[in-house]
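Observations on the model geometry
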Amino acid sequence: MSDPTLDLETAIRCDRPTATEGTIQVSTSSTDVTEGSRVLLSFGDDREVTYTVLTPGEAQTIATALEAAAKQVDDADTLEDPTDE
């Protein structure tokens, strides 16, 4: 009988980009091939804009992740700053 083992993987991100002020826009792409079947997500400012085309499932995954992160932050803010002291 061998000893039980546990494999762990760690992702270390050292080169996180600096925060950038900008806007996010969401729309449906409308080309002859993909009309209405894709979501266009763009982020940027007056100097540069980055675009990505998402499937409806990918867009839903991002929306769910953003909603969960916002809820966590909101819950943490409520715990750290009670209004009835």
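Above this text you will find the structure in question.
Heads up: these notes are all about the structure in this document. (Residues numbered from 1 in each chain as written. Predicted model: local features only at pLDDT ≥ 70, side-chain atom pairs only at ≥ 80, totals over all residues. Heavy atoms only, no water.)

1. Let's talk about the pairing of strand β2 (residues 39-44)
Moving residue by residue along a regular strand, the side chains alternate between the two faces of the sheet. Let me state the cut-off plainly: Two strands pair if DSSP finds at least two bridges between them. Numbering of helices and strands runs from the N terminus; a helix is a DSSP stretch of H or I covering at least four residues, while a strand is a stretch of E covering at least two.
Across 6 bridges, the pairing between strand β1 (residues 23-28) and β2 is antiparallel. By the bridge assignment for β2, T28 is matched with V39. Here 6 bridges tie β2 to strand β3 (residues 49-54), and the two strands are oriented antiparallel to one another. Note that in β3 the partner of G44 across the bridge is V49. Two successive antiparallel strands, β2 and β3, enclose a turn made up of 4 residues.

2. Digging into the sheet that holds β3
Using the following cut-off: For helices, the fitted line uses only the C-alpha atoms of the stretch in contact; every axis is such a line through C-alpha atoms, and the angle between N-to-C directions lies from 0 to 180 degrees.
With antiparallel pairing, 3 strands are arranged side by side in an open sheet as β1-β2-β3. The open sheet has two free edges, formed respectively by β1 and β3, since each of these has just one partner strand. On average, adjacent strands in this sheet sit at an angle of 15 degrees to one another, irrespective of strand direction.

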